[in-house]
Amino acid sequence: MTPTDFCYLTISEAAASLRRKDFSPVELTKACLARIEGIDGKLHTFITLTADRALMEAREAEKKLQSGADRGPLHGIPIGLKDLYATKGIRTTCHSAVLENWIPDYDSAAVTKLQQAGTISLGKLGMHEFAFGGPSVDAPFPAVRNPWNTAHIPGGSSSGSGAALAAGLCYGTLGSDTGGSIRTPSSHCGIVGIKPTYGRVSRYGVVPLSWSLDHAGPMARSVEDCAILLQAIAGYDARDSASANVAVADFRAGLRDGINDLRVGVPRAYWFNENKGTDPETEAVFNDALKILDSLGAVIIEIDGQPFSNARKANQTILVCEAYAYHEKTLQATPMKFGSSVRRRMLEGAFLSAADYIAAQRARSVLNEQIRANFSRVDVFATPSAPRPPEAFESMDPNEQNLRPNFTNPFNLTGLPAISVPCGFTAGNLPVGLQIVARPFEEATCFRVAYAYEQATEWHKQRPPL
Amino acid sequence: MTDEITLDELRGMAVHAGLTLSDDELLKLLPGVNRAREQVAELRRLVTDTAEPAGAFTALKDEMA
């Protein structure tokens with residue numbers, strides 16, 4: 001096995017090898033650190049690398065595993081954390097000058113759970129500033145680059161979380177998703193990411209963007225790895241006002257059950273062609289993915305996309321109002337500490353009224369009902385994860401997102417679980433993702449469909465030309 | 001269509017909101033603010049008379065835990 005092969009193992013492969021004693025957590029961690037040192041200078045995925053601490057944790061994991069104190073499949077696995085998860089004693093910046101020197105004195109709930117599962121944290125990953133706006137070109141840390149082509153964006157806001165996995169710098173990451181921030185970088189970087197149901201994973205210690213739309217979730221290089229990570233971080237937490245006291249299923253139990261007779265709804269009409277429409281190459285790749293699902297026994301059903309299309313307006317209105325409310329004092333006192341992209345988006349919320357915000361929350365109720373009504377006819381929804389391939393930094397248009405259909409944010413508005421799995425490449429060798437959305441708290445269905453698709457294809461095995 | 005707000009109006013709204021922003025910054029904000037207001041106008045057309053706002057509050061939260 002080459003050092004590169006070593007770094008591209010899945011969590012489940014690495015976990016099996018650790019238990020066979022093919023190698024140790026220390027060797028795994030050193031391999032990641034060496035690769036980070038070798039190539040992260042051109043990707044900028046890590047804001048804060050905690051190498052010494054990681055090696056200490058790896059030695060501890062090695063001792064524990066040798067003594068038989070096995071904490072499960074994540075024990076001894078190196079991971080990275082989006083830099084909005086509070087980490088005790090470790091700088092947590094949100095990729096912003098506003099929090100450039102903030103060192104929390106507590107850990108976020110998800111970080112604590114991953115520590116309890118025995119993971120090794122390599123450090124904190126770059127992102128879009130405060131998880132909003134575009135790539136942070138005027139923030140104190142460089143913008144993350146896409147490993148498939150460093151001239152292109154990796155998608156955001158969990159840009160470092162997606163790019164680090166695609167580059168083989170770690171085995172799993174945490175992201176967060178308010179309008180697509182897990183699924184878009186997963187799609188653009190050719191990896192897997194799930195936005196769980198709203199309330200499934202505690203957001204305690206995750207710096208908020210928009211309380212009623214924020215979701216915490218995992219990203220990885222395979223569907224099974226995502227299921228392993230979600231298993232570790234899911235569950236009720238009284239410290240999060242939106243946390244749901246709902247039993248957590250075994251997410252891997254039904255992975256291999258197949259999708260025969262599963263009804264897949266495609267909300268194409270009145271959505272995929274909205275404004276400038278979906279990029280034709282992306283839609284062609286998506287249509288090929290539907291053919292694979294069909295060949296696996298699923299039934300493809302076209303459904304009305306209009307309520308999905310309308311969801312963007314409600315999502316964006318709620319988001320800017322809540323984001324402004326959270327950052328109001330800082331925007332009043334030191335607005336120029338924010339980068340221009342995030343500042344201008346957040347300030348939109350200052351000029352909307354309370355009645356405007358309530359109108360958006362009322363529309364949310366209506367759209368939620370209309371979208372969920374489709375579950376009487378279908379079991380899951382399928383869409384491309386992103387309407388177009390990742391743009392080049394040079395030609396990036398900040399208004400582009402308003403000119404294309406947004407396939408991710410209806411599921412922040414409705415809180416439904418949604419996964420992105422690699423489903424192909426453009427002619428320019430840029431990844432495309434397939435999004436699968438299930439009923440509330442049915443993440444296991446997302447995993448089952450995505451796994452069936454993944455195992456029938458080879459897309460997830462491709463590596464960027466680094 | 002909703003009435004678009006002007007730079008002068010935006011300047012006044014910014015002062016009321018406790019924001020100190022240059023005219024250059026306000027000018028850059030203006031298209032986004034008008035787009036956001038237009039979006040809300042479209043949302044209002046979707047809202048039915050009986051629709052209540054989605055919300056996270058429940059009096060039973062602690063008991064449900």
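Residues numbered from 1 in each chain as written. Chains lettered and ligands numbered in written order. Predicted model: local features only at pLDDT ≥ 70, side-chain atom pairs only at ≥ 80, totals over all residues.

1. So, the interface of chain A and chain B
Where interface size is quoted, it is often the accessible area lost as the parts come together. Facing 32 residues of chain A, the contacting portion of chain B comprises 27 residues. Listing elements by their share of the side of chain A that touches chain B, those giving two or more residues are α10 (306-333), α11 (340-347) and α12 (354-372) of chain A. Among the elements that take part in the side of chain A that touches chain B, α12 of chain A stands out by supplying 11 residues, more than any other. A breakdown of the residues in the side of chain A that touches chain B according to their chemical character gives 16 nonpolar, 10 polar and 6 charged. (Contact = placed C-beta atoms within 7 Å. Helix = DSSP H or I, 4+ residues; strand = E, 2+ residues; numbered from the N terminus. Nonpolar A, V, L, I, M, F, W, Y, C, P; charged D, E, K, R; others polar.)

2. Quick look at α10 of chain A
All names here are of chain A. Taking 1.5 Å of rise per residue, the 28 residues of α10 would be expected to cover 40 Å, and the 41 Å separating its terminal C-alpha atoms lies within 8% of that figure. The axis of α10 is deflected most strongly, by about 70°, at His327. Most of α10 is tucked away: 20 of the 28 residues are buried. (Expected span 1.5 Å × (residues − 1). Bend = angle between axes of the 7 residues up to and from the residue. Buried ≥ 20, exposed ≤ 12 C-beta atoms within 10 Å, placed from the backbone.)

3. Notes on the pairing of strand β10 (residues 418-425) of chain A
All names here are of chain A. Counting buried positions along β10 gives 7 out of 8 residues, so the element sits mostly inside the fold. As paired elements, strand β5 (residues 192-195) and β10 share 3 bridges and run antiparallel to each other. Paired with Gly193 across the bridge in β10 is Ser420. Strand direction decides the pairing type here: β10 and strand β11 (residues 431-437), joined by 7 bridges, are antiparallel. Note on β11: the bridge partner recorded for Pro422 is Gly433. Joining the antiparallel neighbours β10 and β11 is a turn of 5 residues, in which Asn429 adopts a positive phi near 60°. (Pairing = 2+ DSSP bridges.)

4. Details of the pairing of strand β7 (residues 263-269) of chain A
All names here are of chain A. In terms of residue burial, β7 counts as a mostly covered element, since 5 of its 7 residues are buried. As judged from the 5 bridges shared by β7 and strand β8 (residues 299-304), these two strands associate in the parallel manner. Across the sheet, the residue bridging to Arg263 is Val299, located in β8. Handedness of the crossover joining β7 and β8 through helix α9 (residues 280-295): right-handed. Where β7 lies against strand β9 (residues 380-384), 2 bridges are found, and the strand directions are parallel. Of the residues in β9, the one forming a bridge with Val264 is Val380. (Right-handed = clockwise from strand over helix to strand, strands pointing away.)

5. Let's talk about the domain arrangement of chain A
Residues and elements named next belong to chain A. In terms of domain boundaries, chain A breaks down into domain 1 (3-233) and domain 2 (263-457). Each of domain 1 and domain 2 has a C-alpha centre, and these two points are 22 Å apart. Contact with domain 1, which involves 52 residues of that partner, is made by 51 residues of domain 2. Going through the elements one at a time, α7 (183-189), β5 and α8 (223-233) are the ones with two or more residues in the side of domain 1 that touches domain 2. Of all the elements, α7 adds the most residues to the side of domain 1 that touches domain 2, at 6 residues. Taken together, the residues of the side of domain 1 that touches domain 2 break down into 23 nonpolar, 22 polar and 7 charged. (Domains from an automatic or database assignment.)

6. Looking at the sheet that holds strand β6 (residues 215-220) of chain A
Where strands meet in a sheet, backbone hydrogen bonds hold them as pairs that are either parallel or antiparallel. Residues and elements named next belong to chain A. What the 11 strands build is an open sheet, ordered β1-β3-β2-β4-β6-β5-β10-β11-β9-β7-β8; its pairing is mixed. Both outer strands of the open sheet, β1 (46-49) and β8, are each paired with one neighbouring strand and no more. The average angle at which neighbouring strand axes cross in this sheet is 30°, direction not considered. (Axes fitted to C-alpha atoms, helices over the stretch in contact; angles between N-to-C directions.)

7. So, the packing of α10 of chain A against α11 of chain A
Relative orientation and spacing of two packed helices are given, respectively, by the angle between their axes and the distance between those axes. Residue and element names in this part refer to chain A. For the pair α10 and α11, interaxial distance at closest approach is 8 Å and the crossing angle is 115°. Judged by the inter-axis angle, α10 sits roughly perpendicular to α11. As α10 packs across α11, the resulting crossing turns out to be left-handed. The segment α10 lies against α11, with Val320, Ala323, Tyr324, His327 and Leu331 engaging Arg345, Met346 and Leu347. Considered class by class, the residues forming the contact of α10 with α11 number 6 nonpolar, 1 polar and 1 charged. (Parallel < 35°, antiparallel > 145°, perpendicular 65-115°, else oblique. Left-handed = near helix turned anticlockwise from the far one by under 90°.)

8. With respect to the environment of Ser12 of chain A
All names here are of chain A. Residue position: Ser12 is located in helix α2 (residues 11-20). Residues Ser12 and Glu224, 212 residues apart in the sequence, show an inter-C-alpha distance of 7.5 Å. Among residues more than four places away in sequence, those in contact with Ser12 are Pro73, Glu224, Asp225 and Ile228.

9. Thoughts on the nonpolar core
Residue and element names in this part refer to chain A. In this structure, Val380, Ile436 and Ala450 are the most contacted members of the largest nonpolar core, which totals 146 residues. A per-element tally of this core places α10 first, with 10 residues. Excluding residues that lie within four positions of it along the chain, Val380 makes contacts with Leu262, Val264, Gly265, Ile436, Val437, Ala438, Thr445 and Val449. (Core = buried A, V, L, I, M, F, W, Y, C linked by C-beta atoms within 7 Å.)

10. Here we look at unusual backbone geometry
All names here are of chain A. A cis geometry characterises the amide bond from Gly156 onward to Ser157, with omega recorded as 15°. With respect to the secondary-structure elements, Ser157 resides in the loop between β3 (120-125) and α6 (159-166). Phi at His95 is positive, roughly 60°, even though this residue is not glycine. Mapped onto the elements, His95 comes out in the loop between β2 (78-82) and α5 (109-116). Here His95 falls in the buried class, since 33 other C-beta atoms lie within 10 Å of it. The backbone of Asn429 sits at a positive phi, close to 60°, despite the residue not being glycine. The residue Asn429 is located in the loop between β10 and β11 in this model.

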